[in-house]
Amino acid sequence: MKLFTHLLKYGATTLVGLVGLGVAANSAQAFSVTPTDDGQGLVQKILGSGISVVPGSVTYSGASGTSGIFTGGLSTGIGIDSGIILTTGQAIDALGPNDLDNTTTQNGEPGDADLDGLIPGFSTLDALTLEFDFISTGGDLFFNYVFASEEYNEFVNSSFNDVFGFFLDGQNIALIPGTTTPVAINTVNKDVNSALFNDNDRSDVGVPTPFDIEYDGFTSIFTAQALGLTPGQHRIKLAIADAGDFNLDSAVFIQANSFSDTPTEAIPEPISVLGTLAAGAFGANFMRKRKQKQAALDTVKVKA
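Summary of the structure given here. (Residues numbered from 1 in each chain as written. Predicted model: local features only at pLDDT ≥ 70, side-chain atom pairs only at ≥ 80, totals over all residues. Heavy atoms only, no water.)

### Focus on the overall build of the protein chain
Reasoning step 1: The helix and strand inventory of the protein chain stands at 7 helices and 14 strands.
Reasoning step 2: With the model as given, the accessible surface of the protein chain reaches about 12,400 Å², and the carbon-plus-sulfur share is 57%. (Helix = DSSP H or I, 4+ residues; strand = E, 2+ residues; numbered from the N terminus. Areas by Shrake-Rupley, 256 points an atom, 1.4 Å probe, with all protein chains shown as cover.)

As structure tokens, then:
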């Protein structure tokens, strides 16, 4: 039974410095998301060196609009410039500014048994999965990603423990660095593994939020990896789902061309929008992005 509070939730810089920061901001590529349900296209976007995809092996399962290709991600502060986004809601909702504290699309999709296994005692809903077979030339696998969610921070340590997993031959490799703990709402947040978390919650940091993205929080850049794979082909399943109920969306961003047999460089730390934009420039950008986001929502989807 949904918690009542969860239903309610649904329902001193110098002028010279500011000018310089404004110039830098103007040169940054704007964040954009192009929704697509083409599994083959999504796989090709993240494919890097030393990895070949087995023809005909790609399978995709999810509601229309839940995934997409993004560019200009550095302008948001997530540290990944381009790649694919997989969500439990609608991919277009990732666009900033963070003007809502309860962004949700109820897609009515079932959950996923593999994800259920990562969070015993919870049931998943609105799952999205992307699977394919591949061969690693060098025998290793690496790829970079960031997890983000609207469940932050109000529903940390609750039954609404949205989760994702990268299942390599059935074993999850989306783990907190140096551990065997899956990345989820309850395992990376402002209280637990806080050094790996970036707070973008309006209730905590005020408006405008420091990162130009809709989600209320997101992780640092993590690298999923597997070393010394046996010769031949392997299967990877990229999956994400709501947990506990359909409300409040989560997403995982995967870096373009990083699905490789060698590590791919990524920007190590997010750069906040407030740290890179002058106050006046940010205000103008806030309104521009808000209009763009609303226009995209009007043309691409109707919220449930």
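### A look at the pattern of salt bridges
Reasoning step 1: Considering all chains together, one arrives at 5 salt bridges under this definition.
Reasoning step 2: We note a salt bridge from R235 to E131, for which the minimum N-O separation is 3.4 Å. One end of the pair, R235, is in strand β13 (residues 234-243); the other, E131, is in strand β6 (residues 124-136), with 104 residues separating them in the sequence.
Reasoning step 3: With its nearest N and O atoms 3.4 Å apart, the salt bridge here joins D204 to K190. Of this pair, D204 sits in helix α5 (residues 202-205) while K190 sits in the loop between β9 (171-172) and β10 (197-199), and the two are 14 residues apart along the sequence.
Reasoning step 4: On the basis of relative accessibility, which here comes to 37%, the residue D204 falls in the partly exposed class. (Salt bridge = Lys/Arg side-chain N within 4 Å of Asp/Glu carboxyl O. Buried < 20%, exposed > 50% of the residue type's maximum accessible area, 1.4 Å probe, protein only.)

### Some details on the environment of I51
Reasoning step 1: On the secondary structure map, I51 appears in strand β2 (residues 51-53).
Reasoning step 2: On the basis of relative accessibility, which here comes to 8%, the residue I51 falls in the buried class.
Reasoning step 3: The contacts of I51, once residues within four sequence positions are left out, are F134, I135, S136, D140, L141, F259, S260 and D261. (Contact = heavy atoms within 4.5 Å.)

### Some thoughts on the pairing of strand β7 (residues 141-149)
Reasoning step 1: Burial analysis of β7 places 9 of its 9 residues in the buried class, which makes it a mostly covered element.
Reasoning step 2: The alternating pattern of β7 places L141, F143, Y145, F147 and S149 and F142, N144, V146 and A148 on opposite faces, both of which are buried.
Reasoning step 3: Sheet topology places β7 next to strand β14 (residues 250-255); 5 bridges connect them, and they run antiparallel. Opposite S149, over in β14, you have S250 as the bridge partner. (Pairing = 2+ DSSP bridges.)

### Some details on the nonpolar core
Reasoning step 1: In this structure, L141, Y145, F166, I254 and F259 are the most contacted members of the largest nonpolar core, which totals 39 residues.
Reasoning step 2: F166 has contacts with F143, Y145, Q171, N172, I173, A174, A224, I236, K237, L238, V252 and I254, leaving out every residue within four places of it along the chain.
Reasoning step 3: If you look at the next biggest cluster of nonpolar residues, it comprises 19 residues, including V33, L95, F211 and I221. (Core = buried A, V, L, I, M, F, W, Y, C linked by side-chain atoms within 4.5 Å.)

### Some points on the pairing of strand β4 (residues 67-71)
Reasoning step 1: Relative to β4, strand β1 (residues 32-35) runs antiparallel, the two sharing 4 bridges. Of the residues in β4, the one forming a bridge with S32 is T71.
Reasoning step 2: Pairing of β4 with strand β5 (residues 83-87) involves 4 bridges; the strand directions are antiparallel. Across the sheet, residue G68 finds its bridge partner in β5, namely I85.

### A look at the packing of aromatic side chains
Reasoning step 1: Evaluated as defined, the whole model comprises 15 aromatic pairs.
Reasoning step 2: Measuring from centroid to centroid gives 5.3 Å for F70 and F253, while their planes differ by 90°, and the two rings are edge-to-face. Of this pair, F70 sits in strand β4 while F253 sits in strand β14, and the two are 183 residues apart along the sequence.
Reasoning step 3: Assessed through its relative accessible area of 0%, F253 is described here as buried.
Reasoning step 4: Centre to centre, the rings of F147 and F164 are 4.9 Å apart; their planes meet at 25°, and the pair counts as stacked. Residue F147 is located in strand β7, and its partner F164 is located in strand β8 (residues 163-168); the two are separated by 17 residues in the primary sequence. Across the pair, exposure class does not vary: F147 and F164 are buried alike.
Reasoning step 5: Ring pairing ties together the aromatic residues F132, F134, F143, Y145, F147, F164, F166, F222 and F259, which thus form one cluster. (Phe/Tyr/Trp six-rings, centres within 6.5 Å; stacked < 30°, edge-to-face > 60°.)

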